[in-house]
Each structure stands twice: as structure tokens, then as C-alpha cells.
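Understanding the architecture of this molecule
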Amino acid sequence: MEELIKKVAEQIAAAKHIVALTGAGISVESGIPPFRGKGGLWEKFDPMEVAHINSFMSNPEKVWRLLISSMKDLLVSAKPNAAHIGLARLEELGLLKTVITQNIDGLHQMAGSRDVVEFHGSFAWLRCLDCGNRVKTVDIELSQMPPRCECGGIYRPECVFFGESIPMQDLDRSQVAASTCDLMLVVGTSAVVQPAAFMPVIARQSGATIIEINPEPTPLTGTTSTLLVQGKAGKVMRKIIAEVERILADKRQ
Ligand code: NAD
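All values derive from a computational prediction rather than experimental measurement.

Moving on, we get to helix 7 (residues 168-180). Over its 13 residues, helix 7 runs 18 Å from end to end, which matches the ideal 18 Å to within 8%, given 1.5 Å per residue. Regarding helix 7, the residues found buried are Asp 170, Leu 171, Ser 174, Ala 177 and Ala 178. Burial along helix 7 is one-sided: seen end-on, the buried residues are contained in an arc of 135°. Structural note: helix 7 exposes Met 168, Gln 169 and Val 176 on the side pointing more than 90 degrees away from its buried face. The inward-facing, buried residues of helix 7 abut strand 1 (18-22), strand 2 (96-101), strand 3 (116-118), strand 7 (183-187) and helix 8 (199-205).

Bringing the domain arrangement of the protein chain into the picture now. By domain assignment, the protein chain separates into domain 1 (1-32 + 80-120 + 167-253) and domain 2 (34-77 + 123-159). A straight line from the C-alpha centre of domain 1 to that of domain 2 covers 28 Å. Of the roughly 770 Å² buried at the junction of domain 1 and domain 2 (both faces included), carbon and sulfur atoms supply 73%. The largest share of the area that domain 1 buries against domain 2 comes from Ile 32, Ile 104 and His 120, three residues that together contribute 53% of it. Residue composition of the side of domain 1 that touches domain 2, grouped by class: six nonpolar, three polar and one charged.

What follows deals with the site of the ligand. Within the structure, the ligand sits among 27 residues, and Arg 36, Gln 102, His 120, Thr 189 and Ser 190 are positioned closest to it. Ile 104 places a polar main-chain atom, nitrogen or oxygen, 2.9 Å from an oxygen atom of the ligand. Relative to its unbound accessible surface of 850 Å², the ligand loses 94% to contact with the protein. For the shell around the ligand, the residue count by class is twelve nonpolar, ten polar and five charged. Of the domains in this structure, domain 1 (1-32 + 80-120 + 167-253) and domain 2 (34-77 + 123-159) are the two that each give at least three residues to the shell around the ligand.

It is worth spelling out the side chain of Asn 214 at this point. Inspection of the secondary structure assignment puts Asn 214 in the loop between strand 8 (209-213) and strand 9 (227-229). Under the relative-accessibility criterion, Asn 214 is labelled buried at 10%. Of note is the side chain of Asn 214, whose polar atom sits 3.0 Å from the backbone nitrogen of Glu 216. Non-local contacts of Asn 214, meaning those with residues more than four positions away in its chain, are made with Gly 188, Thr 189, Leu 228, Val 229, Gln 230 and Gly 231.

Before going further, it helps to examine the packing of aromatic side chains. Scanning all chains against the criterion turns up one aromatic pair. Geometrically, the ring pair formed by Phe 56 and Phe 161 is stacked, given 5.2 Å between the ring centres and 25° between the ring planes. Placement of Phe 56 in helix 3 (residues 53-58) and of Phe 161 in the loop between strand 6 (155-159) and helix 7 is noted, with a sequence separation of 105 residues between them. When its relative accessible area of 1% is taken as the criterion, Phe 56 is described as buried. Overall, Phe 161 belongs to the buried group, its relative accessible area being 3%. In this structure, Arg 134 packs its charged tip against the face of Trp 125, placed 4.4 Å from the ring centre.

Conventions used here
Residues numbered from 1 in each chain as written. Predicted model: local features only at pLDDT ≥ 70, side-chain atom pairs only at ≥ 80, totals over all residues. Heavy atoms only, no water. Helix = DSSP H or I, 4+ residues; strand = E, 2+ residues; numbered from the N terminus. Expected span 1.5 Å × (residues − 1). Buried < 20%, exposed > 50% of the residue type's maximum accessible area, 1.4 Å probe, protein only. Arc of directions from axis to C-beta. Contact = heavy atoms within 4.5 Å. Domains from an automatic or database assignment. Buried area = accessible area lost by both parts, 1.4 Å probe. Nonpolar A, V, L, I, M, F, W, Y, C, P; charged D, E, K, R; others polar. Near = heavy atom within 4 Å. Polar contact = N/O pair within 3.5 Å; in protein donor to acceptor, adjacent residues only side chain to side chain. Areas by Shrake-Rupley, 256 points an atom, 1.4 Å probe, with all protein chains shown as cover. Phe/Tyr/Trp six-rings, centres within 6.5 Å; stacked < 30°, edge-to-face > 60°. Lys NZ or Arg CZ within 6 Å of the ring centre and 35° of its normal.

Here you go:
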């Protein structure tokens, strides 16, 4: 493991343009459960069904109760962990240019990352389905489900539900980032949700090295990705960043 961490750190320190693709797994150590994998929401219900736009439109109360309200409670208290902080540090060092995240939790920005593409939108804001009025999720009262705007319309989070398209500007920015990086870090994603999972494929086809950090192998492992560092994102990233800092300090001497 230590040898692998050193190898990854050397590749990161030598890279000119790193892009990260992150998924729910990066926020597990911040207390937010993923969809798939151990302890995932999947064990309670099928997120593909509950987090589908058709489910929301046909029964918004059910989706608010099962998914959105519990996520809202978690987001109020969640703090970035060493993995979010590590990626922000790589940006500060000028090595990492963009984080493409599938997460809706805002933890990358809270950790200090500046160039973040929220590929699946965000839970930070809600929008009225009728009049388009926007409110901050933390400011909304959940005594009535689903919460409603003054106009009577139902609020929805500004996320991309399954069955909805990725906003064109986010898809464009991500494709450009993926095709111009020389190294992509793929952290905490099961790499099964498209088109997000295609970004590492674009990067690889454009000549980038792909490194995964995940306790489990994914469909990318051994095909698209060159290396898998098997472990928890925060724990692994803390070691990688310490090693990158050491390599850069040696170079400066
Ligand atoms: P996923 O739930 O499908 O997969 C989670 C992945 O994280 C798995 O591969 C698992 O092995 C890995 N993992 C678990 N613990 C980890 C840890 N400590 N460190 C590193 N990796 C760990 O997640 P996905 O690929 O992002 O796709 C699911 C969709 O669900 C995404 O669209 C995302 O928007 C949404 N989602 C977001 C959040 C969030 O914002 N935090 C939480 C749940 C789901």
C-alpha cells in the first residue's frame, strides 16, 4: 500500500493538469451515505426509483419524505473530510484544475475548491415548480410535505434527478476538462451512472492516466483506470497529499 501511495503521489506531483471526478463515496467519511455499496441508501430503498423525476412528479411527498428531507438534515451538519480538503489543496498547489462532482452536498466548495462542476446539480437551493421562485434549502420549513412556495407551487431541489438531462453547460465543461487533463483522479464513485461515468473514458482516450480511490473495484478498474488505491477516500488522500507535499518540498531544495 505504501509503495502504491508513493507511486500515485509521484504521478500527481509530475502532472500538469489534474481533473477529479468524485461521487457519493468521497462524502461517506463526512457522514453522508452513498447510494450503492455497504451502508448505502440502496439497502433501504431503490434510489433509481425514488430519485427518478417520474417518481418526484407523480408523488413529490414520498420523494421529499424518503430522500430529500433526510439528505437536508445530513447536509446541515456535514463537514468536508480529508479527501475534499486534499483536492482543494491540489488546486491551491496549481496541480488540479477542476473537480467534476456527482454530489449535491456542496462539500467541495466548503473545503475550498474553486473550480467545481456540479454535474448533478445541488441541494443547496430549491425552486418552485410553478413560479420558479428560489429559496435556500436550509431556510425551508418542513412542517408541510412537500414544502410549498407562497404561490402554492411545490418546491424541488436544484439537482438532476435520474431521468433528467445534465445541463448543457455542465456537460460541456466536464467534457472539455476530461479531454484536456493529463491525470484524472476518480474518487468514491461506483462509475455506473451515465454520462458521468463516461468522463474517465474520455480522459483515457485523450491520453490521461486514470487513478481510482475506492474501497471496491468498479467497472473502470483494470479497463479504463491504470491504478486503484483501495481504501477510504479521506484516509488514502491524507497519505497521498503528505507524500505530494514531501516530493514538492524536495524539488524546491
Ligand atoms: P454510488 O452511491 O453509486 O457509489 C458509491 C461509491 O463509493 C461505491 O463505489 C463505493 O465503493 C464507494 N465508497 C464507499 N465508501 C467510500 C469511502 N469512504 N471512500 C471512497 N469511496 C467509497 O455513488 P455515485 O457513483 O456518486 O452515484 C450515485 C448518485 O447518487 C450520484 O449521482 C450522486 O449525485 C448521488 N448521491 C450523492 C450523494 C452526496 O451528494 N453526498 C450521496 C448519495 C448519492
